[in-house]
Amino acid sequence: MNQIVECVPNISEGRDRQVIESFIELIQGESEVHLLDHHSDVDHHRTVFTIAGRPDAMRKVAYELVRRSIELIDLSKHRGVHPRVGSVDVVPFVPIRGISMEDCVELARQLGARIGSELAMPVFLYGQASFRGTPRRLEQIRQGGWSSLSERMRLRPEWIPDFGPARLHSKAGAVAVGARDYLIAYNVLLQTADVAIAQDIARAIRTSGGGLPSVKALGLELKSRGLTQVSMNLTNYRETSLNDVYRAIHEKTQYFGVDIEESELVGLVPQAALPPEWIIPLKFKHWNPDQILEARLAQVGRM
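Novice: Describe the packing of helix H6 (residues 195-205) against helix H7 (residues 242-256), listing the residues and the values that go with them.
Specialist: Put simply, H6 and H7 touch, their axes get as near as 10 Å, and they point 135° apart. Of the possible angle classes, the one that applies to H6 and H7 is oblique. Note on packing geometry: the crossing formed by H6 with H7 is right-handed. Note on element contacts: H7 touches H6 through Ala248, Ile249, Lys252, Thr253 and Phe256, opposite Ile197, Asp200, Ile201, Ala204 and Ile205.

Novice: Residue-level account of the side chain of Ser130, with values.
Specialist: Tracing the chain through its elements places Ser130 in the loop between strand E6 (123-127) and helix H4 (138-142). Ser130 sits in the buried class, given a relative accessible area of 7%. Those residues in contact with Ser130 that sit more than four places away from it in its chain are Arg109, Leu125, Pro135 and Arg136.

Novice: Mind laying out the packing of aromatic side chains, listing which residues take part and the relevant values?
Specialist: Here the structure, examined in full by the defined rule, presents 6 aromatic pairs. Measuring from ring centre to ring centre gives 5.9 Å for Phe131 and Phe163, while their planes differ by 65°; the resulting arrangement is edge-to-face. One end of the pair, Phe131, is in the loop between E6 and H4; the other, Phe163, is in the loop between helix H5 (145-155) and strand E7 (175-179), and 32 residues separate them in sequence. Judged by its relative accessible area of 46%, Phe131 falls in the partly exposed class. Put simply, the rings of Tyr186, Phe284 and Trp287 touch in pairs and so form one group of aromatic residues.

Novice: Go over the pairing of E6, please, and point to the residues and values.
Specialist: Within E6, 4 of the 5 residues are buried, which leaves the element mostly enclosed by the surrounding structure. Where E6 meets E7, 5 bridges bridge the pair, whose relative direction is parallel. Counterpart to Leu125 in the pairing with E7 is Val177.

Novice: Report on the pattern of salt bridges, specifying residues and quantitative values.
Specialist: Throughout the structure, instances matching the rule amount to 18 salt bridges. Between Arg67 and Glu71 there is a salt bridge, with its nearest N and O atoms 2.7 Å apart. Linking Arg67 with Glu71, this pair stays in helix H2 (residues 55-72), spanning 4 residues, or about one helical turn. Ionic contacts of the salt-bridge type, sharing partners, join the residues Arg46, Asp89 and Arg142 into one network.

Novice: Explain the nonpolar core residue by residue, including any values.
Specialist: Among the nonpolar cores identified, the biggest contains 42 residues, and Val91, Phe93, Ile115 and Val177 are the most heavily contacted of them. Considering every element that reaches this core, the biggest residue donor is H2, with 8 residues. Within the second largest apolar cluster, 30 residues are counted, among which are Ile197, Ile201, Leu234 and Leu265.

Novice: How would you sum up the pairing of strand E3 (residues 33-41)? Please name residues and give values.
Specialist: Summarising the sheet, E3 and strand E4 (residues 46-53) pair through 8 bridges and their orientation is antiparallel. Following the sheet pairing, His34 is matched in E4 by Ala52. Remark: 4 residues form the turn of the hairpin made by E3 and E4, two consecutive strands paired antiparallel; His45 in that turn has positive phi of roughly 55°.

Novice: Residue-level account of helix H1 (residues 17-28), with values.
Specialist: In this model H1 runs 16 Å from its N-terminal to its C-terminal C-alpha over 12 residues, within 8% of the 16 Å that 1.5 Å per residue would give. Along H1, the positions that sit buried rather than exposed are Val19, Ile20, Ser22, Phe23, Ile24, Leu26 and Ile27. Residues of H1 that are buried make contact with strand E2 (10-11), E3, E4 and H2. Regarding H1, its N-cap is Asp16, as a side-chain oxygen of that residue lies 3.0 Å from the backbone nitrogen of Gln18 further along.

Definitions and limits used
Residues numbered from 1 in each chain as written. Predicted model: local features only at pLDDT ≥ 70, side-chain atom pairs only at ≥ 80, totals over all residues. Heavy atoms only, no water. Axes fitted to C-alpha atoms, helices over the stretch in contact; angles between N-to-C directions. Helix = DSSP H or I, 4+ residues; strand = E, 2+ residues; numbered from the N terminus. Parallel < 35°, antiparallel > 145°, perpendicular 65-115°, else oblique. Left-handed = near helix turned anticlockwise from the far one by under 90°. Contact = heavy atoms within 4.5 Å. Buried < 20%, exposed > 50% of the residue type's maximum accessible area, 1.4 Å probe, protein only. Phe/Tyr/Trp six-rings, centres within 6.5 Å; stacked < 30°, edge-to-face > 60°. Pairing = 2+ DSSP bridges. Salt bridge = Lys/Arg side-chain N within 4 Å of Asp/Glu carboxyl O. Core = buried A, V, L, I, M, F, W, Y, C linked by side-chain atoms within 4.5 Å. Expected span 1.5 Å × (residues − 1). Polar contact = N/O pair within 3.5 Å; in protein donor to acceptor, adjacent residues only side chain to side chain.

Purely geometric numbers; function is a separate question.
Dropping the structure here:
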């Protein structure tokens, strides 16, 4: 393929295997799109898919994922620890090869326009795809969940969606569609059930709290495991590495007298983001070499 774009749709379903399989079958049914990875979490109650392929085919599949999510997911009954505003919560496009960020911006806007007009679901553009002078951040859209977003849409003119109706879909909520560079989703699990500890650590290390640059972090409870988690997005791994984040969290856990259980990557990671001899120091218990983006693209063959 001369042009490859990556897309990482987050679906608000992490428990019903039949529903998750339905999304997998949809992706695999498109010949010019390849499923590189998927990760489901019962506590987060979401599944993160990583797909790659030709731009037109990717836009088509992303639309069909949103359409099917409206059929299969009722967000009004959804309970999960991860913030979300829609049945498909976020759809980011990432340039990989033979395609520019500007091309991904156009993909995002075309997809958003179609979702808004044909599916009657409000669409908020974020990141590079935003129409506004200052890009809207994903955490701003998700803040407070879909009930908070609904209130903002009703009361504040700046929260009129970019496409679609100015009210949430009764079952599917809203969707954030964007264009961005590589992002690493990284979680560190703590050997404590006290979510306040994870929240304190998250506040201390994230950029908005005066911590590490290019780090977004939340403290979440994992009831199914009796643990807590510092859930993070690293938006620039060259500025703040996996090692940097792990060391900062380890230092904070010593203050609270708790240990790190393990850490994990959600989705794929560029080879350049992995420092030498990193698996053991970062306590990866379920590391799979197929989580390296370049390795998965090579396995697909035609890409």
